[in-house]
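Secondary and tertiary structure notes
Here's the letter readout for the chains.
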Amino acid sequence: MKIVVLPGDGIGPETMAATVEVLQAASQRFGLDLQLDHDVAGHESLRRHGATVTPALLAKVKAADGLMLGPMSTYDYTDEINPSRFFRKELDLYANIRPARTWSGVPHKVDAFDLVVVRENTEGFYADRNIASGGSEMLITPDVAVSLRRITRGCCERIARSAFELAMTRRRHVSIVHKANVLKLGDGMFIEECQRVARDFPEVQVDEFIVDAMMAHVVRAPQRFDVIVTTNMFGDILSDLTAELSGSLGLGGSVNAGRDHAMGQAAHGSAPDIAGQDIANPFSLILSAGQLLGWHGQRHGLPAFLAAAEAIERTAAAAVEAGEATRDAGGRLGTAATGRAFAQRLQGA
């Protein structure tokens, strides 16, 4: 498997270095023959090449089997391309899969839970990705701004199918989250497509929640939920909430998957305020790498990759419980030491 590795901005190079160490350990233990092709995007690419993403990089990523993207300083990019958005759109990575679970050894204020947010990733209220060219947010006058949202049956159908297929490998329960009481047409269409797909999965329990009520339910009793499927912006917010409920946003893995491509990406941002201090938590990016290996293994029917993905998840749980993590996750190590300890534990797991 050939993976393009882009360290990113801020804490990205530190957390990616730890993740690369884990990927190399997984490759050695499970015989994956991973080929890691290191390149740059974001601020480093802007410094070297005058652009945050180059056409040559896109071609390289399209030819590879997967992409690992480090945290990007997306708020900094005004006139420049946002690499995270760019790859999601150009590779049609329509499903953002973000697991969240509690971890032994990490304090949490709710009962133990294990759920996954399946977020539509290519349309919705995101102005930079829901039309073919330009943006869908407009300044009509200096005092009037208009933001347009696109919802299509095709995108609703494929994210719903991703959620139900995932539920069949878990506890067979899908919760549809929407705001159809206000967004009657768009979210009404989303519900219709989710319910239509549900008919192909009669074994799966299905329920629906309005998004604001869902926030309260998740905070009160996240253990009620298994797979949550929703539109882009709602999923973005909800998955951050569920990751934080697990004890730390730094423990939230994330994979952006499409039909032909996938990108592992940490659930958090670039945190420039702590960059270079060796205190950033690499677990989110490491868990995302595990998800990427799992996606590749499932797509191509490769048991070794599926075994490696499962081993990374198990190793993360064991490492956190043993305190082999950064302070935000209840541990005592720095970023680099966390990566080394994880790789060593993975090889012996």
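Residues numbered from 1 in each chain as written. Predicted model: local features only at pLDDT ≥ 70, side-chain atom pairs only at ≥ 80, totals over all residues. Heavy atoms only, no water.

Notes on the overall build of the protein chain
Along its length, the protein chain carries 11 helices and 12 strands. Taking 349 residues into account, the globule formula puts the C-alpha radius of gyration at 20 Å, and the protein chain, at 20 Å, falls close to it. Structurally, the protein chain occupies a C-alpha span of about 50 × 50 × 40 Å along its principal axes. Out of the 349 residues belonging to the protein chain, those deemed buried represent 55%. Considering only contacts in the protein chain between residues 6 or more positions apart, those separated by 24 or more positions represent 74%. Counting every atom, the protein chain has about 14800 Å² of accessible surface; 52% of that belongs to carbon and sulfur. The distance from the centre of the 35 positive side-chain charges to the centre of the 42 negative ones in the protein chain is 3 Å. (Helix = DSSP H or I, 4+ residues; strand = E, 2+ residues; numbered from the N terminus. Rg over C-alpha atoms; globule rule 2.2 N^0.38 Å. Buried < 20%, exposed > 50% of the residue type's maximum accessible area, 1.4 Å probe, protein only. Contact = heavy atoms within 4.5 Å. Areas by Shrake-Rupley, 256 points an atom, 1.4 Å probe, with all protein chains shown as cover. Lys, Arg positive; Asp, Glu negative; His and termini not counted. Charge placed at Lys NZ, Arg CZ, Asp CG, Glu CD.)

Some details on the environment of G297
Considering the arrangement of structural elements, one finds G297 in helix α9 (residues 283-300). Sequence separation between G297 and A309 is 12 residues, and the spatial gap between their C-alpha atoms is 8.6 Å. Other than its neighbours up to four places away in sequence, G297 contacts L302, F305 and L306.

Quick look at the pairing of strand β6 (residues 137-141)
A regular strand carries its side chains on alternate faces of the sheet. Within β6, only zero of the five residues are buried, which leaves the element largely exposed. Of the strand pairs in this sheet, β6 and strand β7 (residues 144-147) are connected by four bridges, and their pairing is antiparallel. Directly across from L139, in β7, lies its bridge partner A145. Following β6, the chain reverses through two residues before pairing antiparallel with β7. (Pairing = 2+ DSSP bridges.)

Topic: unusual backbone geometry
We note that D33 has phi near 55 degrees; this positive angle belongs to a residue other than glycine. Relative to the helices and strands, D33 is located in the loop between α1 (12-30) and β2 (35-38). Even without being glycine, A271 reaches a positive phi, approximately 40 degrees.

Points about the nonpolar core
Across soluble globular proteins, you tend to see nonpolar side chains buried next to one another. Counting 64 residues, the largest nonpolar core has V229 and L293 as its most contacted members. Counting residues per element, this core draws most heavily on α9, which supplies eight residues. Grouped together as the second largest cluster of nonpolar side chains are 17 residues, V4, L6, V61 and Y77 included. (Core = buried A, V, L, I, M, F, W, Y, C linked by side-chain atoms within 4.5 Å.)

A word on a nonpolar patch on the surface
A cluster of nonpolar side chains, contributed by M138, I140, V144 and L148, occupies part of the molecular surface with about 330 Å² of accessible area. Looking at the element boundaries, M138 is found in strand β6. Given a relative accessible area of 35%, M138 falls into the partly exposed group. (Patch = residues over 30% accessible without salt bridge, like charges linked within 9 Å, V, L, I, M, F, W, Y side chains within 5 Å. Salt bridge = Lys/Arg side-chain N within 4 Å of Asp/Glu carboxyl O.)

Details of α1
For α1, spanning 19 residues, the distance from its first C-alpha to its last is 26 Å, which sits close to the expected 27 Å at 1.5 Å a residue. In the segment just after α1, G31 is the residue with positive phi, at about 65 degrees. (Expected span 1.5 Å × (residues − 1).)

Things to note about the side chain of H268
With respect to the helices and strands, the residue H268 is situated in the loop between β12 (262-265) and α9. Among the residues examined, H268 registers a relative accessible area of 16% and is labelled buried. Setting aside anything within four residues of it in sequence, one finds H268 in contact with I11, P71, L249, G250, N281 and S284.

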